[in-house]
4 protein chains.
Amino acid sequence: MIFFDSDYQEGCHPLILKEMEKSNMIQYHGYGDDFYTKEAAKIIREKTSPNADVHLISGGTQTNLIAIKSALRPHEAVISATSGHIEVNETAAVESTGHKILTVDAIDGKIDIEKARDLLENRKNDPRKEHKAKPKMIYISQPTEIGTIYSKKELMDLRKLCDDYGIYLFVDGARLSYALESIKNDVSMKDLYELSDLFYIGGTKCGAMMGEALLIRNDLLKEDFRYHIKQNGAMLAKGRFLGVQFYTLLKDDLYTEIAKKANEYALSIRKAFEDKNIKCIDSYTNQQFFYLTKEMVDKLLEDFSFEYEKEGEYYLSRFCTSWATKEEYVNKLIHKIKEL
Amino acid sequence: MIFFDSDYQEGCHPLILKEMEKSNMIQYHGYGDDFYTKEAAKIIREKTSPNADVHLISGGTQTNLIAIKSALRPHEAVISATSGHIEVNETAAVESTGHKILTVDAIDGKIDIEKARDLLENRKNDPRKEHKAKPKMIYISQPTEIGTIYSKKELMDLRKLCDDYGIYLFVDGARLSYALESIKNDVSMKDLYELSDLFYIGGTKCGAMMGEALLIRNDLLKEDFRYHIKQNGAMLAKGRFLGVQFYTLLKDDLYTEIAKKANEYALSIRKAFEDKNIKCIDSYTNQQFFYLTKEMVDKLLEDFSFEYEKEGEYYLSRFCTSWATKEEYVNKLIHKIKEL
Amino acid sequence: MIFFDSDYQEGCHPLILKEMEKSNMIQYHGYGDDFYTKEAAKIIREKTSPNADVHLISGGTQTNLIAIKSALRPHEAVISATSGHIEVNETAAVESTGHKILTVDAIDGKIDIEKARDLLENRKNDPRKEHKAKPKMIYISQPTEIGTIYSKKELMDLRKLCDDYGIYLFVDGARLSYALESIKNDVSMKDLYELSDLFYIGGTKCGAMMGEALLIRNDLLKEDFRYHIKQNGAMLAKGRFLGVQFYTLLKDDLYTEIAKKANEYALSIRKAFEDKNIKCIDSYTNQQFFYLTKEMVDKLLEDFSFEYEKEGEYYLSRFCTSWATKEEYVNKLIHKIKEL
Amino acid sequence: MIFFDSDYQEGCHPLILKEMEKSNMIQYHGYGDDFYTKEAAKIIREKTSPNADVHLISGGTQTNLIAIKSALRPHEAVISATSGHIEVNETAAVESTGHKILTVDAIDGKIDIEKARDLLENRKNDPRKEHKAKPKMIYISQPTEIGTIYSKKELMDLRKLCDDYGIYLFVDGARLSYALESIKNDVSMKDLYELSDLFYIGGTKCGAMMGEALLIRNDLLKEDFRYHIKQNGAMLAKGRFLGVQFYTLLKDDLYTEIAKKANEYALSIRKAFEDKNIKCIDSYTNQQFFYLTKEMVDKLLEDFSFEYEKEGEYYLSRFCTSWATKEEYVNKLIHKIKEL
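Attention here is on the structure that accompanies the text. (Residues numbered from 1 in each chain as written. Chains lettered and ligands numbered in written order. Predicted model: local features only at pLDDT ≥ 70, side-chain atom pairs only at ≥ 80, totals over all residues. Heavy atoms only, no water.)

**Section: the interface of chain B and chain A**
- In this assembly, 53 residues from chain B lie in contact with 53 residues from chain A.
- The junction of chain B with chain A conceals about 4300 Å² of combined surface from both sides, 57% of it contributed by carbon and sulfur atoms.
- Taken together, the links from chain B to chain A amount to zero salt bridges.
- Our enumeration of links across chain B and chain A arrives at 22 residue pairs in polar contact (both at pLDDT 80 or more).
- Counting residues per element, the ones that place at least two in the side of chain B that touches chain A are strand E1 (2-3), helix H1 (14-23), helix H3 (60-71), helix H5 (93-96), helix H11 (225-231) and helix H12 (240-251) of chain B. (Contact = heavy atoms within 4.5 Å. Buried area = accessible area lost by both parts, 1.4 Å probe. Salt bridge = Lys/Arg side-chain N within 4 Å of Asp/Glu carboxyl O. Polar contact = N/O pair within 3.5 Å; in protein donor to acceptor, adjacent residues only side chain to side chain. Helix = DSSP H or I, 4+ residues; strand = E, 2+ residues; numbered from the N terminus.)

**Concerning the interface of chain D and chain C**
- Across the contact, 53 residues belong to chain D and 53 residues belong to chain C.
- Contact between chain D and chain C buries roughly 4300 Å² in total, counting both sides, with carbon and sulfur atoms accounting for 57%.
- Sorting the residues of chain D by area buried against chain C places Gln27(D), Gln231(D) and Lys238(D) first, and these three jointly supply 17% of that buried surface.
- Counting every contact that joins chain D to chain C gives zero salt bridges.
- Counting across the chain D and chain C interface gives 22 residue pairs in polar contact (both at pLDDT 80 or more).
- Sorting the residues of the side of chain D that touches chain C by element identifies strand E1 (2-3), helix H1 (14-23), helix H3 (60-71), helix H5 (93-96), helix H11 (225-231) and helix H12 (240-251) of chain D as the ones contributing at least two each.
- When the residues that make up the side of chain D that touches chain C are grouped by side-chain class, the tally is 25 nonpolar, 18 polar and 10 charged. (Nonpolar A, V, L, I, M, F, W, Y, C, P; charged D, E, K, R; others polar.)

**Remarks on the relation of the copies chain B and chain A**
- When chain B is fitted to chain A, the best match, at an RMSD of 0.0 Å, comes from turning it 180° and sliding it 0.0 Å along the axis. Each copy turns onto its partner about a two-fold axis. Across chain B, the smallest distance between a C-alpha and the rotation axis is recorded for Leu17(B), namely 3.5 Å.
- Both copies present the same face, since 100% of the interface residues in chain B are matched by interface residues at the equivalent positions in chain A. (Least-squares fit on C-alpha atoms with pLDDT ≥ 70 in both.)

**Some thoughts on the sheet that holds strand E11 (residues 287-292) of chain A**
Residue and element names in this part refer to chain A.
- Overall, antiparallel pairing links the three strands, which are arranged E11-E14-E13 in an open sheet. Pairing within the sheet leaves two strands with one partner each, and these edge strands are E11 and strand E13 (307-311). When the angles between neighbouring strand axes are averaged without regard to direction, this sheet yields 25°.
- Against the sheet, helix H13 (residues 254-275) contacts E11 and strand E14 (314-320), and its axis sits at roughly 15° relative to E11. (Pairing = 2+ DSSP bridges. Axes fitted to C-alpha atoms, helices over the stretch in contact; angles between N-to-C directions.)

**Section: the packing of helix H13 (residues 254-275) of chain B against helix H15 (residues 327-339) of chain B**
Residue and element names in this part refer to chain B.
- At a closest axis distance of 9 Å, the pairing of H13 and H15 adopts a crossing angle of 10°. When the axes of H13 and H15 are compared, the pair comes out roughly parallel. Of the residues in H15, those in contact with Tyr265, Ser268, Ile269, Ala272 and Phe273 of H13 are Glu327, Val330, Leu333, Ile334 and Ile337.
- Residues that form the contact of H13 with H15 fall into these classes: eight nonpolar, one polar and one charged. (Parallel < 35°, antiparallel > 145°, perpendicular 65-115°, else oblique.)

**Section: the packing of aromatic side chains**
- On inspection of all chains with the given rule, the structure shows 60 aromatic pairs over all chains.
- Aromatic pair Phe35(B) and Tyr36(B): ring centres 5.0 Å apart, planes at 75°, arrangement edge-to-face.
- What links up through ring pairs into an aromatic cluster is the set Phe4(A), Phe273(A), Phe290(A), Phe304(A), Phe306(A), Tyr308(A), Tyr315(A) and Phe319(A).
- When the ring centre of Tyr284(D) is taken as origin, the NZ or CZ atom of Lys184(D), which lies over that ring, is 4.7 Å away.
- In this structure, Lys279(D) is placed above the aromatic ring of Tyr291(D), and the distance from its NZ or CZ to the ring centre is 4.2 Å. (Phe/Tyr/Trp six-rings, centres within 6.5 Å; stacked < 30°, edge-to-face > 60°. Lys NZ or Arg CZ within 6 Å of the ring centre and 35° of its normal.)

**Digging into unusual backbone geometry**
- Along the chain, Gln142(B) connects to Pro143(B) via a cis peptide bond; the corresponding omega equals -5°.
- Inspection of the secondary structure puts Pro143(B) in the loop between strand E7 (134-141) and helix H7 (152-165).
- If you check the backbone angles, Ala92(A) has positive phi at about 55° while not being a glycine.
- Locating Ala92(A) in the fold gives a position in the loop between helix H4 (85-88) and helix H5 (93-96).
- Judged by relative accessible area, which is 5%, Ala92(A) ranks as buried.
- A positive phi angle, close to 50°, is found at Thr91(D), a residue other than glycine.
- With respect to the helices, strands and loops of the structure, Thr91(D) is situated in the loop between helix H4 (85-88) and H5.
- Residue class for Thr91(D) comes out buried when judged on its relative accessible area of 0%. (Buried < 20%, exposed > 50% of the residue type's maximum accessible area, 1.4 Å probe, protein only.)

**Things to note about the sheet that holds strand E3 (residues 76-81) of chain B**
All names here are of chain B.
- Ordered in space as E2-E10-E9-E8-E7-E3-E4, the seven strands form an open sheet in which the pairing is mixed. The outermost strands of the open sheet, each flanked by one partner alone, are strand E2 (53-57) and strand E4 (101-104). The mean inter-strand angle of the sheet, taken between neighbouring strand axes irrespective of direction, is 25°.
- Relative to strand E8 (residues 168-172), E7 runs parallel, the two being bridged by five bridges. Paired with Ile140 across the two strands is Val171, which belongs to E8.
- Contacting E2, strand E9 (198-202) and strand E10 (212-216), helix H2 (residues 35-47) runs over the sheet at an angle of about 130° to E2.
- Packed onto the sheet, H7 meets E7 and E8 and runs at close to 170° relative to E7.

**A few points about the side chain of Asn263(C)**
- Along the chain, the position of Asn263(C) falls in helix H13 (residues 254-275).
- Each residue touching Asn263(C), except ones within four places of it in the same chain, is listed here: Tyr178(C), Glu181(C), Ser182(C), Tyr284(C), Thr285(C), Asn286(C) and Thr321(C).

Right, here's the structure in full:
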């Protein structure tokens, strides 16, 4: 059985383990006050801005909830696509911190900016606005839950929308490397930094063991941020292990190299399905989605593990690649697809 | 400079990294549904009870806040010693989940059981009790913040107290291994399981990279526990890495062996201070506390790093050992102490 | 200018002020331990069940948030119609207590029971259910936000649904009197008690100054309820004033008498609009909704105040009656409608 | 049986009921957009500052929790005396909003300013400060829980302390009228406004039915305040009833006149106890506290109701007066005291 369920089925990139081993007996201060954490932050600032505040946090849901909880006052809400990760897959972590998620429809997995604008405009003009939560942030992910990516133009439009209404833009980059390396991408890490108030460089799903690197651009959101990390239990005593990971992934572009390969494999899988005239979602990153019949799903399940969910008469099925995907796995899958 | 600040200055036990490397390319399901996590849980159940629910969680503050938040209803409070970790060192993580900590004095770092009983009895009889938070849990740590340990008799008394008032007993075992191996200890892991409603086996401070293993005995607290882990961002996608660690530490008693050695080193440091007639806290675990003069602190700081805090005319100074402490470090420190 | 905006434009029923005056100098204990509060609870139990726990709470949003916060554990969510008051008009009060609202579509203002069942069934079978909030309560209001009412059959179906999935049914009765007296109604206060886990008898919008009377049937939800009222600031020191109001409204059926009159006025307004072939919502309670043109709205605004909101090419306009509506007001309005 | 338990045993001042009756049938907009609420706010601004934001809120615990919750970010804490109302008598309402209360000792019921300064200074210099909650507000009440009052000098010192550390000063004035009229008082309403960031004028315990009037001076805390009132369920639909009360109490100094009388009665009770050489707390407001023997308590309980609590060998007993205290009650009590 070969797993294409997600990008976290194997461990982490071997170079990370190697660096951990190499530095294991060196004594460092705890809680992120160590060589690796500082070096990782330095590298990240070089790729974005010398003014970026960089924080390494133990996980994605953690990062989302801390970023949102720390930025919003009690009556403020975050706008997300109906399909957003915080809305759908985090056990109401955001609400558990006291904040409402206001959902708007998605188009190709991306927030419908016109609907977001309507929501903001309506709330602004509502004579009884204090009877409703006040939108103060837009949350998006790059790439989206269905593997699509925002163009630079789209991000600039979102930035403009946020500026028009005085709200924050927060970008969840749990799978950021795959977006950066997508053949359709025109958005750099620096662009993301400049266009958002805060965003993060995903670790877990991009080859790390765990952890995400959050960048804060908006000065208002920088103050006291470490308190929030600690209060929510996301500050590791042995913070060095987060440092080692981002240091290893980012110092020589390992982060993007491995994503590039994963994207290539993903696209070759996509091509195989398309060759069979199977409908797919227009993703150019490591997550590929196909509308399969029950028969196809059953056939593929003989040798492969993947996620699928009934949608109308089809099963929307997800195949993911990662740094760990072997060419051999991909070839076997393509071979099987041809037999469908 | 040699660090005796804490037990998390080095990385993790090398056997953990070895096991991570060994299993790195094996594909497992995410979120704890993997061989290692299951095997670790099995081993833990063998050491305690087949009925124990075992959950691997990414950190100590996380485990404390999730255990408390999931167990208490909104009006319920947790009783802690004034010196308890949740009261003093977790940025109000417990309060951030909506619950008050009711503090009682500590004796030798341990909660004053008579004062706890008085508090419970007073609240029970208070005609206006609904104007105060309702105590529903006692939180202790084994060992305590100052390295002392509860005897089996003391834990049985606490259990009785909790039963008398229908409340939970929660034991924070962030440094559990050092308690288990203390020469003064008469409490087994199984005892802890049986005498508490939930307790955890510390990883981070006992040789792991990160993570704690929570055991739930009370059936009321078992239901839906994984939702709470996820909601608070403590469920790692690559849960296998938590599994590997507890598997490695617990399958052959590595967990306690390394603690035993650390305790021995700690006691030899203590002896060196005592030989100089320096007042110490009566700890038999890996944390040792001494009342030093400013002069002594300065002298020791020439070669060693450690924590200290002014208390009256002295500086209460902490020296910690761990799995990673080298005999050479200890000898150098003892040598220096002799020169004080 | 005559106000038809809502049912809280005037003060409270004069008999309430009279009873307040009459008892004003009598000394009572505070916080609801007084003659009137006890007597009101007794009367309510006579109308429903001797086992009902009755609590007088200072407001509707308060009652909703306390009922929901006290009943749910942190990972649990409440299901509401998209148009539900807690979803739309309470500044995310529910989310501010940590809980997600899961919305389903409404049919005639009433929750679509089949969609609610689908949601519950899907969550139950979801292999990754702990990544989503767990639905544990259905919230409805009787009458609904658009004045429609649930039939006894519909409430029994909802009860069955809740029992099938082991969840609570909570009925917001902020405008309950108008439902009880609707010519289409077949649901008694006793029915509501028996079919829900908790529900409340609205005061503010039904002739009182402020306050709602919450009834708890489910024993699990009764324990320690007064702590929750106090913790959320809804326990008045001079609780007698809540007691006086419900005593006065309920002892001789004043509560329903005044609603009956209000409903009659509402229906005569409806008839006037219908006579002009104006589309309305099929409400038989004190709130009436009409689809008016901009021209009609402007014409009516010359003499009357009411709520309206653009919906497509029309303005959905609300006219409310109450205990305080004068025949003279209604006649003037009908006269004006005829001129449209 | 005559009640001296508290200042909320009778209803409200009759002039309030009279004004309610007079205006009862006038139609006003809801939620505080009415003549009375606006007029009350205007009067309060005249007594303090044209820049004051004034909000009428349904109760004292409500006002405390909303003021604190709205002002603090998640990692921030409020400093209170160990005997503070928010610490002792509000069912952890503050913690339920996510914030820790940091307690310091009280001297004569007033926060020990030196200890508060020590706490602030220690936290500021703590190298691991992010492991602790960050103090951001001082909460006091005027008068205190034991009836003592802060002098203008003491309030100026507290203001200075707050300015030195960049934190807020919040004054709970639940019994403010009694402080204003105390023979020892040198603090005006205007002083309180100018020296605090927010404070409130108590209604419930000062002759109103319910409600408190919060004044916000600090511009940072003014923004969006009505959202917080609504979110926490403290915004009455019939807000006019809060307006009427503060209008009536404040337009002609009824508020302070009735307090003056209550204070006089309180002091004559105190004198009677002092004449019997009974130890008392040095209060010059409407709450008087005496150290009575069990025998005395029993004797007094024959004819009077009051609060008492064992403290060492004595019973600390509280006698309160209010607008409603009759001379006849006081005379009877004094007569009885003489017989002790």
